[in-house]
Amino acid sequence: MLMQRASTGLFWFLSIVIAALAFVVVTLATTIGFDQAAPHLVHYLDSEKLPLYAHIVFAPLALLLAPFQFWAGLRNGHRRIHRAIGYAYAVAIAIAAIGSLLMLPRFQGSTWATTGFALLAVIWVATTARAVLLARARRIAEHRAWMMRSAALTFAAVVLRLMMLPLMATGMPMLKTYDITAWASWLLPLLVVEWLLRRPGRMVQQPV
C-alpha cells in the first residue's frame, strides 16, 4: 500500500510539474520568441506552425489532466466532472497526436526516431479511443485498464525528459538522444502498466 501511494504521488507530481514547465516554455516562446525559449522548434514555424502549437499546447494539457482520471474520490463522488475531464483528456490527445504526426516530415532526427514517435502518436490515440468507447459501453474494468495504457503513453513526455537530460549530460546531442527516447519513453511505461494489469490482484481493480 505504501509503495502504491508513493508511485501514485510521484505520478501526480511529475505529470503536473512537467506539464507546467511545458506551458512555461510555450508562454516564453510566444512572448520572447522560439529562437530563445525553444530553438529546437524554430524550423517548424514556417510551414507547420499550427501543428506545432497543437502539439505543444494540447500534449501538456493531456499530461496535466491524466492524474485526475485516476482520482477515486472524483471518479466516485463527481462522475459528471470525471466524465468531462475524460472527454477533455481524449480530445487533447487527439489534437496533440495529429499535430505530432503533421510535424514529423520536418523532424530532424533519424528515420528510426521518426518511426518511434509516429507509432507513439498512433497508439496513443488508439488506446485512448478504446478507453472512451469502453466507458460509453459501461465496461468499467476494461475502461480502466485501457485508461492506464493511455496514461502510460501520455507519461512518455515525462520519461523522455528524464532520460534525455542524463544522455545529453554525457555529451550526446539532443537529436541523437531521440534514437533512444523516441522508443524507450513510451515502451518502458507501457511495459510497467502491462505488468501491473497482469499480476495477481491487479492494480486496475483498486482505487488510485
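Predicted, not measured: the structure shown is a model, and the values here were computed from it.

### A word on helix H7 (residues 140-154)
Consideration 1: Between the first and last C-alpha of H7 there are 20 Å, a value that for 15 residues agrees with the 21 Å anticipated at 1.5 Å per step.
Consideration 2: Among the residues making up H7, those that are buried are His143, Ala145, Met147, Met148, Arg149, Ser150, Ala151, Ala152, Leu153 and Thr154.

### Describing the pattern of salt bridges
Consideration 1: Summed over the entire model, instances satisfying the criterion amount to 6 salt bridges.
Consideration 2: Put simply, Arg106 and Asp46 hold a salt bridge, and the shortest N to O gap is 3.0 Å. Residue Arg106 is found in the loop between helix H5 (79-103) and helix H6 (111-136), and its partner Asp46 is found in the loop between helix H2 (34-37) and helix H3 (49-65); the two are separated by 60 residues along the sequence.
Consideration 3: With a relative accessible area of 28%, Arg106 lands in the partly exposed category.
Consideration 4: In this structure Asp46 comes out as exposed when scored by relative accessible area, which is 61%.
Consideration 5: One salt-bridge network, in which partners are shared between bridges, spans Asp46, Glu48 and Arg106.

### A few points about the environment of Ala182
Consideration 1: Examined against the element boundaries, Ala182 turns out to sit in helix H9 (residues 174-198).
Consideration 2: On the basis of relative accessibility, which here comes to 0%, the residue Ala182 falls in the buried class.
Consideration 3: C-alpha separation for the pair Ala182 and Gly77, spaced 105 residues apart in sequence, amounts to 38 Å.
Consideration 4: With residues near it in sequence (within four places) discarded, Ala182 still touches Ala113, Gly116 and Phe117.

### Description of the packing of aromatic side chains
A ring pair, where both rings are aromatic, is described by two values, the distance of the centres and the angle of the planes.
Consideration 1: Counted under the stated rule, the structure contains 11 aromatic pairs.
Consideration 2: Ring geometry for Phe117 against Tyr178: centres 5.6 Å apart, planes inclined by 75 degrees, an arrangement best described as edge-to-face. Within this pair, whereas Phe117 is found in helix H6, its partner Tyr178 is found in helix H9, the two being separated by 61 residues in sequence. Just as Phe117 is buried, Tyr178 falls in that class too.
Consideration 3: Members of the aromatic cluster, each reached through a chain of ring pairs, are Phe11, Phe70 and Phe155.

### A few points about the side chain of Ser100
Consideration 1: Within the element layout of this structure, Ser100 appears in helix H5.
Consideration 2: Excluding residues that lie within four positions of it along the chain, Ser100 makes contacts with His55 and Ala121.

### Quick notes on helix H8 (residues 156-169)
Consideration 1: Taking 1.5 Å per residue, 14 residues should reach 20 Å; H8 reaches 20 Å between its end C-alpha atoms and fits that length.
Consideration 2: Those residues of H8 not exposed but buried are Ala156, Val158, Val159, Leu160, Met163, Met164 and Leu167.
Consideration 3: Backbone geometry just downstream of H8 places Gly171 in the positive-phi region, at approximately 105 degrees.

### A word on the side chain of Ser185
Consideration 1: Structurally, the position occupied by Ser185 is in helix H9.
Consideration 2: Take Ser185: its relative accessible area is 1%, and that puts it in the buried class.
Consideration 3: At 2.5 Å, the side chain of Ser185 forms a polar contact with the backbone oxygen of Thr181.
Consideration 4: In this structure Ser185 touches Ala156, Val159, Leu160 and Met163, once residues within four positions along its chain are discounted.

### Thoughts on the packing of H5 against H6
Consideration 1: Their axes nearest at 9 Å, the elements H5 and H6 cross at an angle of 160 degrees. Judged on the interaxial angle alone, H6 and H5 are roughly antiparallel. Here the hand of the crossing between H5 and H6 comes out left-handed. Contact residues: Tyr87, Tyr89, Ala90, Ile93, Ala94, Ala96, Ala97, Ser100 and Leu101 in H5; Ala118, Ala121, Val122, Trp124, Val125, Thr128, Val132 and Arg136 in H6.
Consideration 2: Residue composition of the contact of H5 with H6, by class: 14 nonpolar, 2 polar and 1 charged.

About the criteria used
Residues numbered from 1 in each chain as written. Predicted model: local features only at pLDDT ≥ 70, side-chain atom pairs only at ≥ 80, totals over all residues. Heavy atoms only, no water. Helix = DSSP H or I, 4+ residues; strand = E, 2+ residues; numbered from the N terminus. Expected span 1.5 Å × (residues − 1). Buried < 20%, exposed > 50% of the residue type's maximum accessible area, 1.4 Å probe, protein only. Salt bridge = Lys/Arg side-chain N within 4 Å of Asp/Glu carboxyl O. Contact = heavy atoms within 4.5 Å. Phe/Tyr/Trp six-rings, centres within 6.5 Å; stacked < 30°, edge-to-face > 60°. Polar contact = N/O pair within 3.5 Å; in protein donor to acceptor, adjacent residues only side chain to side chain. Axes fitted to C-alpha atoms, helices over the stretch in contact; angles between N-to-C directions. Parallel < 35°, antiparallel > 145°, perpendicular 65-115°, else oblique. Left-handed = near helix turned anticlockwise from the far one by under 90°. Nonpolar A, V, L, I, M, F, W, Y, C, P; charged D, E, K, R; others polar.

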